[in-house]
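This is what each chain is made of:
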Amino acid sequence: MKIKIGIIGCGPWAEVIKKNLNNNKNFKLKYFVCRNKSVHKKLKDKYLIFNNFNDLIKYEKPNAVYLAGDPSTYLNIIKKTNRHNIDCIIEKPIALNSEDSRKIKRYRDLFKNKIYLNLPNLHDQKFIKLKALILKRKILKIHILEGDNGPFRKKIDPLFDWGTHPISTILYLLNNNNKFEKLSFKKIISNSKLNKKLIKINFVLKNIKIKIITGNALKIKQRKIKFYYNKHDYIIYDFHKKNILSSDYFIKNINEINKRFYPTPMQNLLNNFLKKNMLKNQLKIFDSGIQAIKILNKCMKI
């Protein structure tokens, strides 16, 4: 039996979610919650459209919803999905402040309905397979470049929109250890009128020097993470192109990883969502997203 699901939100990313749900045989995308009347015209022939979540659940209770709108509304919707026992996927960022993120985690822990979090880096099976190799030797430095020329969202600071990716990735790799030392934060580019930013974040975690450049002011999309082990050895993973580069030391293992087929990160997320209970790895991904908000809030105060 297919899962009847609705998308809450109708921006550009909702289009990506729509495509992935329609390409997964286990889901039936049936509903949209959308206030944009111009988008209604494009959707009304195939889907049931509602102006708000309350209208949707009054009409019919879906099996699940995918939250892909304004993160400041997520907590209020999660309260209602828990009350009505509706499973849920949340698009990052999970919240825009630590208090809301902690409350969402509490709802996940206390109620029976599932609450998953989409952090594409951490649903990337090729990267997850690479993880064991990455952690096999002592890492000296990690550099991450992750961002694009956009999106320019009025209600979400680019630090949260893009910064959630690299911070949660680091936390996930290092077992959600959030004891960051020597944390520094610098705006490289800042245009408040366009809500355009490029940010550099430096810190030390488990004696590893970490540098992150992230935001929506790059010339082209870049999503790369590089691990340095000594003067000669390194691993680079490109989340966007799914390419792995490395020094000769790692080549044999890298070739083995490259031989395999991997589903897209979102299809991997959807397939995991089908399971009756959240797996340990999914809980870890969720907690990485929660901890990332806490770190990003600290950066905002520097």
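Residues numbered from 1 in each chain as written. Predicted model: local features only at pLDDT ≥ 70, side-chain atom pairs only at ≥ 80, totals over all residues. Heavy atoms only, no water.

(A) Just the packing of helix 5 (residues 98-110) against helix 10 (residues 280-301), in detail. Where helix 5 contacts helix 10, the two axes come as close as 9 Å, and the packing angle between them is 165°. Overall, the two elements helix 5 and helix 10 adopt an arrangement that is roughly antiparallel. Here helix 5 and helix 10 pass one another in a crossing that is left-handed. Side by side, helix 5 and helix 10 meet where S98, S101, I104, K105 and R108 of the first sit next to L283, F286, D287, I290, I293, K294 and N297 of the second. (Axes fitted to C-alpha atoms, helices over the stretch in contact; angles between N-to-C directions. Helix = DSSP H or I, 4+ residues; strand = E, 2+ residues; numbered from the N terminus. Parallel < 35°, antiparallel > 145°, perpendicular 65-115°, else oblique. Left-handed = near helix turned anticlockwise from the far one by under 90°. Contact = heavy atoms within 4.5 Å.)

(B) Molecular detail of the state of the cysteines. Summed over all chains, the structure comprises one disulfide. At a sulfur-sulfur separation of 2.0 Å, the disulfide partner of C10 is C34. Looking down the S-S bond of the C10 and C34 bridge, the torsion is 65°, so its handedness is right-handed. Linking C10 in the loop between strand 1 (3-8) and helix 1 (12-22) with C34 in the loop between strand 2 (27-33) and helix 2 (37-43), this pair joins segments that are 24 residues apart in sequence. Accessibility expressed as a relative area gives 21% for C10, which makes it partly exposed. (Disulfide = S-S within 2.5 Å. Buried < 20%, exposed > 50% of the residue type's maximum accessible area, 1.4 Å probe, protein only.)

(C) The arrangement of helix 6 (residues 125-134) in detail. All of the buried residues along helix 6 are K126, F127, L130, K131, L133 and I134. One side of helix 6 holds all its buried residues, which, seen down the axis, span an arc of 165°. Taken together, the buried residues of helix 6 touch helix 7 (158-173), strand 11 (222-228), strand 12 (234-238), strand 13 (243-246), helix 8 (251-259) and helix 10. (Arc of directions from axis to C-beta.)

(D) Region of the structure containing unusual backbone geometry. Here the residue pair K92 and P93 is connected by a cis peptide bond, since its omega of -5° sits within 30 degrees of zero. Tracing the backbone through its elements, the reader meets P93 in the loop between strand 5 (87-91) and helix 5. A cis geometry characterises the amide bond from G150 onward to P151, with omega recorded as -10°. Relative to the helices and strands, P151 resides in the loop between strand 7 (141-147) and helix 7. Not every positive phi belongs to a glycine, and N195 is a case in point at roughly 55°. Of note, N195 is situated in the loop between strand 8 (181-191) and strand 9 (196-205). Positioned with a positive phi, K242 is a non-glycine residue whose angle comes to about 60°.

(E) Inspection of the packing of helix 1 against helix 9 (residues 265-273) at higher detail. Remark: helix 1 packs on helix 9, axes separated minimally by 10 Å, with the N-to-C direction vectors making an angle of 60°. As judged from the angle between their axes, helix 1 and helix 9 are oblique. Here helix 1 runs over helix 9; the crossing is right-handed. Across the interface between the two elements, W13, V16, I17, N20 and L21 of helix 1 pack against M266, Q267 and L270 of helix 9. A class-by-class count of the residues in the contact of helix 1 with helix 9 yields six nonpolar, two polar and no charged. (Nonpolar A, V, L, I, M, F, W, Y, C, P; charged D, E, K, R; others polar.)

(F) Just the packing of aromatic side chains, in detail. Per the stated rule, a full pass over the model turns up 12 aromatic pairs. Measuring from centroid to centroid gives 6.3 Å for F27 and F273, while their planes differ by 25°, and the two rings are stacked. Here the residue F27 occupies a position in strand 2, and F273 occupies one in helix 9, the gap between them amounting to 246 residues. Residue class for F27 comes out buried when judged on its relative accessible area of 4%. Judged by relative accessible area, which is 1%, F273 ranks as buried. Aromatic side chains Y249 and F250 sit 4.9 Å apart centroid to centroid with 80° between the ring planes, which places their arrangement in the edge-to-face category. Owing to a relative accessible area of 1%, F250 belongs among the buried residues under this scheme. An aromatic cluster is built from F27, Y116 and F273, whose rings are joined through pairwise contacts. A cation over an aromatic ring shows up here: R137 above the ring of Y249, its NZ or CZ 4.3 Å from the ring centre. (Phe/Tyr/Trp six-rings, centres within 6.5 Å; stacked < 30°, edge-to-face > 60°. Lys NZ or Arg CZ within 6 Å of the ring centre and 35° of its normal.)

(G) Seen up close, a positive patch on the surface. Residues R102, R106, K294 and K298 make up a contiguous surface patch of positive charge. Listed by contribution, the elements that provide at least two residues to the positive patch are helix 5 and helix 10. Inspection of the secondary structure assignment puts R102 in helix 5. (Patch = residues over 30% accessible without salt bridge, like charges linked within 9 Å, V, L, I, M, F, W, Y side chains within 5 Å. Areas by Shrake-Rupley, 256 points an atom, 1.4 Å probe, with all protein chains shown as cover. Salt bridge = Lys/Arg side-chain N within 4 Å of Asp/Glu carboxyl O. Lys, Arg positive; Asp, Glu negative; His and termini not counted. Charge placed at Lys NZ, Arg CZ, Asp CG, Glu CD.)

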